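Structure at a glance
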Amino acid sequence: TMVNELLSIFAEFEDYDAVHHFATKALKLVPENVKAQYWLVYAIYHSGVITLAKKEIQQAKSRLTAEEFETLQKFICKDESLPYGQLFDE
């Protein structure tokens, strides 16, 4: 979607506040937007708040279907800038 493209552009420019802002708004409108959920975790992590990123993943797990959450995990796993093991250690 256009929103996800916009989030990608903000991320390229390392504008994590904008990514966080628009990903949050996108999720309020379309809670099942897994890509927006990914970008929110991405922005939180890259803003230096790892514990909050982990908390956001746990909240996403309760909001998303099992299939959607699996897709979110794949997005995070494919992103080499995100420490998958650190974010998903239970």
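Rules used throughout
Counting restarts for each chain, with residues numbered from 1 along the sequence as it is written. Local features in a predicted model are, by the rule used here, given only for residues with pLDDT of at least 70; side-chain atom pairs are given and counted only at 80 or more, and totals for whole chains, interfaces and linings are based on all residues. With hydrogens and water stripped out, all remaining heavy atoms of the structure feed into the side-chain values. Helix and strand assignments come from DSSP, with helices taken as H or I runs of at least 4 residues and strands as E runs of at least 2, each series counted from the N terminus. The atom set for the radius of gyration is the C-alpha atoms, and the globule formula is 2.2 Å times the number of residues raised to the power 0.38. With a 1.4 Å probe rolled over the protein chains alone, any residue whose accessible area is under 20% of its type maximum counts as buried; one over 50% counts as exposed, and the rest are partly exposed. Between two residues, a contact is recorded if the distance between any of their heavy atoms is within 4.5 Å. Residue-level accessible areas treat just the shown protein chains as cover; the underlying method is Shrake-Rupley with a 1.4 Å probe. In this tally, Asp and Glu contribute negative charge and Lys and Arg positive charge; neither His nor the terminal groups of the chain are included. By convention, charge coordinates are those of NZ in Lys, CZ in Arg, CG in Asp, or CD in Glu. The convention used is that axes are lines fitted to C-alpha atoms, helices contributing only their stretch in contact, and that angles between N-to-C directions extend from 0 to 180 degrees. Put simply, angles under 35 degrees are roughly parallel, angles over 145 are roughly antiparallel, angles from 65 to 115 are roughly perpendicular, and the rest are oblique. Put simply, a crossing is left-handed when the front helix is turned counterclockwise from the back one by less than a right angle, and right-handed when it is turned clockwise. Put simply, a salt bridge is a Lys or Arg side-chain nitrogen that is within 4 Å of an Asp or Glu carboxyl oxygen.

Considerations on the overall build of the chain
Scanning the chain for helices and strands turns up six helices and zero strands. Starting at the N terminus and walking to the C terminus, you meet the elements of the chain as α-α-α-α-α-α. For 90 residues, the compact-globule formula gives about 12 Å, and the C-alpha radius of gyration of the chain, at 12 Å, lands near that figure. Taking the principal axes of its C-alpha atoms as reference, the chain extends roughly 30 × 25 × 20 Å. Burial statistics for the chain: of 90 residues in total, 39% are counted as buried. If you take every contact in the chain between residues at least 6 apart in sequence, the share linking residues at least 24 apart comes to 54%. Summed over its atoms, the accessible surface of the chain is roughly 5500 Å², and 56% of this surface lies on carbon and sulfur atoms. Each charge class in the chain was averaged separately, 9 positive and 14 negative side chains, and the resulting centres sit 6 Å apart.

As for the packing of helix H1 (residues 2-12) against helix H3 (residues 34-46)
Here H1 crosses H3 at 20°, and the two axes come no closer than 10 Å. Taken as axis vectors, H1 and H3 run roughly parallel relative to one another. As for the relative orientation of H1 and H3, their crossing is left-handed in sense. Residues Asn 4, Leu 7, Ser 8 and Ala 11 of H1 lie in contact with H3, whose contacting residues are Lys 35, Ala 36, Trp 39 and Tyr 42.

Regarding the side chain of Asn 4
By the element assignment, Asn 4 lies in helix H1. When sequence neighbours within four positions are dropped, the list of residues in contact with Asn 4 reads Asn 33, Lys 35, Ala 36 and Trp 39.

Describing the environment of Asn 4
Here Asn 4 falls in the buried class, since its relative accessible area comes to 14%. Put simply, Asn 4 and Val 34 are 30 residues apart on the chain and 9.8 Å apart in space, counted from C-alpha to C-alpha.

A word on the pattern of salt bridges
Tallied over the entire structure, the rule returns two salt bridges. Glu 56 is paired through a salt bridge with Arg 63; the nearest N and O atoms lie 2.9 Å apart. The class for Glu 56 is buried, based on a relative accessible area of 10%. Across the salt bridge formed by Lys 74 and Glu 70, the nearest N and O atoms sit 3.5 Å from each other. With Lys 74 and Glu 70 both in helix H5 (residues 66-78), this residue pair falls four residues apart, about one helical turn.

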